[in-house]
Amino acid sequence: MAVSEAPPVDRRKVLRAGLLGGLGFVFVSTIGMVETFSTKNVIDPILSLGYTVLMSIAVWTGYRGAKAAAVDREARAAERILSGAAAGLVGGLVGAIYVVWINTFVVREVLSNISPRLIELLNFGGGMGSGITLAIVGGLVGGAVGALLSLASPLMRRALIGAFLWVLIVGFLEVVISQILRELHLGFIVGLAIPSVAALVLGRFLQRGPALVFGLLAAVALGIYSAINLESVGLSMTFLIDFLYESRVGGRALTTPAAAVIFVLAFVLVVVTERPRKRARARIAAMDPEERQRWLFGGVAVFLGLGIFLPMLLGSVVNELLATTGIFLLMGLGLNIVIGYAGLLDLGYVAFFAVGAYTTAILTSPLSKVSFDWGFIATPLNFWEAMPFVIVAAAIAGIIVGTPVIRMRGDYLAIVTLGFGEIARILFLSDWLSGTTGGAQGISRIPSIPLGFTEIKGTDQQMIFYAVFFFVLIAAYISWRLQDSRIGRSWMAMREDEQVAETMGVNIVRAKLQAFVIGAIIASFSGAVFAVKFGTIFPASFSLIVSITVLVVIIVGGMGNIPGVAVGALVMIGVLGGRNSPGLLREFEGFKLLIYGALLILMMLKRPEGLLPSRRRARELHQDEALQDVWLRAAAAGEHDEDGS
């Protein structure tokens with residue numbers, strides 16, 4: 001019986017994976033990430049976030065090393081494990097050399113982040129010997145684990161990675177989960193459970209998805225009502241907080257039993273729900289437009305319910321976070337029209353945000369030097385009286401920016417719009433307009449939003465969130481109605497090929513101006529709420545980085561897709577934090593821009609359509625990639641023929 005010869009291992013790839021892993025170890029240590037993250041415990045007391053990062057690098061190195069052995073699909077498991085472990089060992093050796101270097105030489109004058117605390121962490125509380133040993137052994141073991149992960153079936157790999165991520169998520173969301181659990185009582189559980197079961201039975205019996213969704217929504221409403229009003233029958237859910245988290249200096253962390261339970265539950269959930277999820281995806285794909293629209297309305301109803309009731313369970317800190325996320329989501333929805341639908345790369349989008357904020361401030365603040373009295377209306381206006389002026393000012397700004405760039409596209413359009421954004425900021429800062437805009441001092445005492453029976457103050461984060469939520473609903477509705485309209489189809493045709501679109505009868509000038517104007521108006525909504533939220537605005541609040549952040553939000557979330565933009569805003573602003581606002585992960589504060597850049601590179605290389613893309617946009621991008629591959633293969637074949645001849 002013939003024995004098949006083992007396929008060769010690409011040693012260069014193994015070495016390269018190991019060196020990359022080692023460089024990753026050196027990089028995250030040198031920039032201070034390990035030391036900063038060590039203040040956050042993920043699992044108390046055994047695992048900090050800093051060590052989690054180092055461990056993840058070792059596992060990733062082993063995974064990459066094992067892939068290097070997979071020259072042939074028949075590669076034996078032992079060779080792949082050895083390749084992964086070898087790559088991890090190389091990475092560990094690089095880490096060990098780094099440990100020797102920082103223990104031997106005083107380099108803090110040059111590299112300020114290499115502090116005694118970092119050295120202590122990398123020595124794992126012992127001397128240099130323990131640091132060297134654990135770096136090598138950790139790299140070897142992490143590499144072997146990564147190799148084993150590469151051998152697992154796709155389902156098993158997803159389940160393991162998903163379970164690990166859920167442990168991290170529950171650990172990171174300690175503030176939100178603890179706050180919700182503090183507000184819950186047995187009344188909530190009863191109020192939620194009974195209507196939910198009834199809705200499930202009814203939905204199943206009637207075979208009507210929207211009925212089920214509305215039933216669940218009613219269940220959530222009743223449950224929250226019960227939580228608020230039936231405390232007398234309430235059994236506090238705080239025992240779950242004590243089970244999940246342990247208080248330590250620097251914050252709470254998951255207890256070891258809780259981490260184990262979450263890991264097992266998440267693992268089982270991923271495995272058990274694999275087939276139902278596939279069936280659900282197939283069913284959604286096969287839905288006719290009418291049925292899809294019914295489910296869409298159901299999803300909107302759930303979103304509305306969450307937007308109304310969830311802030312009641314959350315504290316002021318999380319509500320402020322949600323309000324900030326909503327402001328960036330509003331801008332993201334507007335920029336999504338300009339870039340995602342129309343394909344116009346606008347890097348000066350912050351200018352429209354500033355126009356909305358300044359117009360609101362100038363017309364509503366009692367300290368504003370702009371005044372008029374037209375009999376039926378006079379300054380200072382209230383928020384709602386000022387909104388028509390805000391919309392008109394934003395529309396004019398959209399025309400001013402859009403008109404000169406009508407014939408531009410791509411990089412040239414990006415550079416010119418970037419210039420417009422900076423011009424706007426400098427104008428608001430200039431002495432020339434200081435009589436109107438307040439110059440560097442800005443405009444203060446911007447009043448609250450009147451509602452007749454009450455008012456929305458900037459200090460009331462829950463009410464500010466409701467204001468943002470109201471404008472988000474308007475912006476989402478405008479985007480949804482436009483995407484399949486005649487205007488929306490014109491934008492998409494223009495995005496794919498401007499010349500072809502023009503040849504087919506699309507009025508390019510009008511389509512571009514419409515995109516700029518509608519995008520500007522939506523941005524002005526966010527500017528108006530922003531002005532009320534803070535009560536004072538300065539030109540420094542409208543720098544280029546705001547435009548970049550919003551662009552990253554829609555790229556990461558999914559360009560051209562409304563739910564994708566929402567996901568991007570939650571991840572980039574809610575979790576990582578905005579320009580001047582912290583996110584849920586406050587430990588990431590100092591590395592925000594680094595993570596933004598890394599995410600952008602990763603998304604462009606691995607998932608250019610974003611986390612939650614529209615099907616049309618994803619199909620277009622992959623079609624482009626396929627055409628490029630065909631062209632490259634044809635070009636390579638042509639070169640080969642020429643060499644042969």
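All figures in this text were calculated on a predicted structure; none of them were measured in a lab.

Parameters at a glance
- Residues numbered from 1 in each chain as written.
- Predicted model: local features only at pLDDT ≥ 70, side-chain atom pairs only at ≥ 80, totals over all residues.
- Heavy atoms only, no water.
- Helix = DSSP H or I, 4+ residues; strand = E, 2+ residues; numbered from the N terminus.
- Buried < 20%, exposed > 50% of the residue type's maximum accessible area, 1.4 Å probe, protein only.
- Contact = heavy atoms within 4.5 Å.
- Patch = residues over 30% accessible without salt bridge, like charges linked within 9 Å, V, L, I, M, F, W, Y side chains within 5 Å.
- Areas by Shrake-Rupley, 256 points an atom, 1.4 Å probe, with all protein chains shown as cover.
- Salt bridge = Lys/Arg side-chain N within 4 Å of Asp/Glu carboxyl O.
- Lys, Arg positive; Asp, Glu negative; His and termini not counted.
- Charge placed at Lys NZ, Arg CZ, Asp CG, Glu CD.
- Axes fitted to C-alpha atoms, helices over the stretch in contact; angles between N-to-C directions.
- Parallel < 35°, antiparallel > 145°, perpendicular 65-115°, else oblique.
- Left-handed = near helix turned anticlockwise from the far one by under 90°.
- Nonpolar A, V, L, I, M, F, W, Y, C, P; charged D, E, K, R; others polar.
- Expected span 1.5 Å × (residues − 1).
- Arc of directions from axis to C-beta.
- Pairing = 2+ DSSP bridges.
- Core = buried A, V, L, I, M, F, W, Y, C linked by side-chain atoms within 4.5 Å.

A.B. asks: I'm lost on the overall build of the protein in this one. Help?
C.D. replies: On a plain count of helices and strands, the protein comes out with 27 helices and six strands. When burial is assessed residue by residue, the protein has 46% of its 645 residues classed as buried. Residue pairs at least 24 apart in sequence account for 74% of intrachain contacts in the protein once pairs closer than 6 positions are excluded.

A.B. asks: Teacher, can you tell me more about a positive patch on the surface here?
C.D. replies: Among the surface-exposed residues, R12, K13, R16, R64 and K606 lie close enough to one another that they form a single positively charged patch. In terms of residue count, helix α1 (residues 11–30) provides more of the positive patch than any other element does, three residues in total. Mapped onto the secondary structure, R12 falls in helix α1. By relative accessible area, which is 69% here, R12 ends up exposed.

A.B. asks: Explain the packing of helix α24 (residues 544–557) against helix α26 (residues 592–606) to me, please; I cannot follow it from the model alone.
C.D. replies: Helix-helix packing: each pair is described by the crossing angle between the helix axes and the interaxial distance. At a minimum axis distance of 10 Å, the contact between α24 and α26 shows a crossing angle of 40°. One way to sum up the angle between α24 and α26 is to call them oblique. The two elements α24 and α26 cross, and the hand of that crossing is left-handed. Only L593, Y596, L600, M603 and M604 of α26 make contact with α24, whose side of the interface consists of I545, T549, V552, I555 and V556. Class assignment of the residues belonging to the contact of α24 with α26 gives a composition of nine nonpolar, one polar and no charged.

A.B. asks: Sorry, what's going on with the environment of F588 here?
C.D. replies: Along the chain, F588 falls in the loop between α25 (562–575) and α26. Through-space distance from the C-alpha of F588 to that of L576 is 6.4 Å; in sequence the pair is 12 residues apart. For F588, the contacting residues outside a window of four places in its chain are F37, L49, L576 and I595.

A.B. asks: Sorry, what's going on with the side chain of S48 here?
C.D. replies: Note that S48 resides in strand β2 (residues 47–48). Ignoring anything within four residues of it in the chain, the contact list for S48 reads S38, K40, N41 and V42.

A.B. asks: Explain the packing of helix α16 (residues 350–364) against helix α23 (residues 508–534) here, please?
C.D. replies: Their axes nearest at 6 Å, the elements α16 and α23 cross at an angle of 50°. On the basis of their axis angle, the class for α16 and α23 is oblique. At the point where α16 passes α23, the crossing takes the right-handed sense. Every residue of α23 that contacts α16 at F352, F353, G356, A357 and T360 is listed here: F516, A520, A523, S524, S526, G527, A528, F530 and A531. Among the residues forming the contact of α16 with α23, the class breakdown is nine nonpolar, five polar and no charged.

A.B. asks: What exactly am I supposed to notice about a nonpolar patch on the surface here?
C.D. replies: A cluster of nonpolar side chains, contributed by M156, L160, F263, V264, V268, V271 and V272, occupies part of the molecular surface with about 520 Å² of accessible area. Where the nonpolar patch is concerned, the elements lending two or more residues are α7 (154–172) and α12 (256–272). Considering every element that reaches the nonpolar patch, the biggest residue donor is α12, with five residues.

A.B. asks: Would you mind showing me how to read the pattern of salt bridges here?
C.D. replies: As a working rule, side chains carrying opposite charge can pair if their charged atoms are close by. Evaluated as defined, the whole model comprises eight salt bridges. With a closest N to O distance of 3.1 Å, R277 and E274 form a salt bridge. Separated by three residues within a single helix, R277 and E274 lie in helix α13 (residues 274–286), roughly one turn from each other. A relative accessible area of 32% places R277 in the partly exposed class. With a relative accessible area of 8%, E274 lands in the buried category. When salt bridges with common partners are traced through the structure, they connect R158, E274, R277 and K278 into a single cluster.

A.B. asks: What should I look at first to understand α26 in this one?
C.D. replies: One turn of the α-helix equals 3.6 residues, which is why residues spaced by three or four share an orientation. Along its 15 residues, α26 runs 21 Å from first to last C-alpha, staying within 8% of the 21 Å computed at 1.5 Å per residue. Burial in α26 covers these residues: K592, I595, Y596 and M603. Down the axis of α26, the sector holding all buried residues measures 105°, keeping them to one side. Opposite its buried face, α26 presents the exposed residues L593, I601 and L605, each directed more than 90 degrees away. Where α26 is buried, its residues contact α24 and α25.

A.B. asks: Help me out: how do you make sense of the pairing of strand β1 (residues 41–44) in this one?
C.D. replies: Two faces belong to every sheet, and in a regular strand the side chains alternate between them. Pairing between β1 and β2: two bridges, direction antiparallel. Residue pairing in the sheet places I43 in a bridge with L47 of β2. The hairpin turn running from β1 into β2, its antiparallel successor, is two residues long.

A.B. asks: Honestly, the nonpolar core in this entry has me stumped. Any pointers?
C.D. replies: Generally speaking, soluble globular proteins have nonpolar side chains that are buried together. By size, the foremost hydrophobic cluster in this structure holds 128 residues, and its most contacted members are L254, W491, I537 and F542. Considering every element that reaches this core, the biggest residue donor is α23, with 16 residues. Apart from residues no more than four positions distant in its own chain, I537 is found in contact with A357, Y358, A361, Q441, G442, I443, I446, F530, A531 and F542. By size, the runner-up hydrophobic cluster in this structure holds five residues, among which are L363, F372, I377 and A386.

A.B. asks: Would you mind showing me how to read the side chain of E498 here?
C.D. replies: Here E498 shows up in helix α22 (residues 498–503). If sequence neighbours within four positions are ignored, E498 has contacts with I406, R409, I508 and K512.

A.B. asks: Honestly, unusual backbone geometry in this entry has me stumped. Any pointers?
C.D. replies: Of all residues except glycine, most have a negative phi; of all peptide bonds, most are trans. The linkage connecting T379 with the following residue, P380, adopts the cis geometry, with an omega of -5°. Assignment of secondary structure puts P380 in the loop between α16 and α17 (383–402). Residue R445 is not a glycine yet carries a positive backbone phi of 55°. The topology assignment puts R445 in the loop between α19 (434–437) and β5 (449–450). Residue R445 is classed as exposed on the basis of its relative accessible area of 55%.

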